[in-house]
Amino acid sequence: ACTPLRHGAETMSPMRITVITGGRPGARFVRDLVDHASASPTPAEISVIANTGDDISLWGLRMSPDVDAVLAALADEPDDGSDSVARELTALDVGPQWFPVTDRQVATHLARTAWLGMGATPSEVTARLAERQGLADRGVRLLPMSDVPVETHAVLDGEEQQQAVHVQQWRHELGCPPATRFIVAGMDRAAAAPGVLEAIREADLVLLAPGDPVLSIGIVLGVPGIRDALRGTSAPVVGITPELDDLGPSLAAVGVEPTADAVAALYRDLRATWLPSDASPADALARV
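Residue positions are given per chain, counted from 1 along the sequence in the order it is written. In keeping with the model being predicted, local features are shown solely for residues with a pLDDT of at least 70 and side-chain atom pairs are shown and tallied solely at 80 or more, while totals for entire chains, interfaces and linings include all residues. Working from all heavy atoms in the structure, the side-chain values ignore hydrogens and water.

Enquirer: Quick question: what am I supposed to make of the packing of helix α1 (residues 23-39) against helix α2 (residues 65-73) here?
Expert: The relative placement of two packed helices is expressed as an angle between their axes plus a distance between the axes. Inter-axis angles, ranging from 0 to 180 degrees, are taken between N-to-C directions of lines fitted to C-alpha atoms, where helices are fitted over the stretch in contact. A helix here means a DSSP run of H or I that spans at least four residues, while a strand means a run of E at least two residues long, and both kinds are numbered starting from the N terminus. Direction vectors running N to C along α1 and α2 enclose 35 degrees, while the axes themselves pass 8 Å from each other. Helix-helix and strand crossings are classified by hand; for α1 and α2 the assignment is right-handed. Of α2, the residues touching α1 (which contributes G23, A27, V30 and R31) are D66, A69, V70 and A73. Three classes are used: nonpolar for Ala, Val, Leu, Ile, Met, Phe, Trp, Tyr, Cys and Pro, charged for Asp, Glu, Lys and Arg, and polar for all others, with Gly counted as polar. Grouping the constituent residues of the contact of α1 with α2 by class yields five nonpolar, one polar and two charged. Each crossing is labelled by how the near helix is turned from the far one, with a counterclockwise turn of less than a right angle marking it left-handed and a clockwise turn marking it right-handed. Whether two residues touch is decided by their heavy atoms; if any such pair falls within 4.5 Å, the residues are in contact.

Written as structure tokens, this is what we have:
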């Protein structure tokens, strides 16, 4: 937790901010929010709820790309981009070769896989990785949306029949071809991870980061209990409109036009206030 700052004899209570995020744009927004909060005289406790619908197992390793995107965005030491492991796998013709990975990411995936194999939950694994990055010292708590494995697949029309491919393969190898729908395997068994619902209910402000409303933020809101918690929170709910240029394929699959109004309509039941895609964390905090 963030240590309250003292102004003379007065102690200022931290503002409790909860962010729902997914994808690299969301991770960048979280980084900017944390930087802004660190420079502000008003202390903040920031809970980040990350999409785990992009999770995938490759090369025998369990990967959680959206959780790792937040960890990378808040890292004290940026990833140097070395990819000797990926290049050696390519040289050995060990697939898949479409998923980008650096050596540092491989270390994270190895640690996650080992800890899960020893019985740790995804929440416990995420907490250990967050501790390694010193997130608590910056007033940040990182939570996966669920401890139940959930994976998103795109359903594609084939010459003879439909086929489902993992959303990571759909993006990285296939280039986001038209999908008829998305299937979220495991969502019927999912439950919010420990601390997630409390982070929403007890927040002073809830932010919807600028992520894909179908494949990032939308997956988080699909976890039983999370959308109800957002409807019931007394905190303002503020959404940052995502950049729409890259969202056409995912929005088309659910019959939504790539416009700010159409995206906002997906969250109509949350009574959220929407800010433009270039809004800063300061703009969002001004809504409290």
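Enquirer: Sorry if this is basic, but what is going on with the pairing of strand β9 (residues 163-166) here?
Expert: Walk down a regular strand and you will see the side chains alternate between the two sheet faces. As paired elements, strand β8 (residues 151-156) and β9 share four bridges and run antiparallel to each other. Across the sheet, the residue bridging to L156 is Q163, located in β9. Strands qualify as paired when DSSP identifies two bridges or more between them. Linking two consecutive strands that pair antiparallel, namely β8 and β9, is a turn of six residues.

Enquirer: Explanation requested: the side chain of S250 in the structure shown.
Expert: Along the chain, the position of S250 falls in helix α10 (residues 248-253). Once residues lying within four places of it in the same chain are set aside, the contact partners of S250 are W170, F182, D212, V214 and L215.

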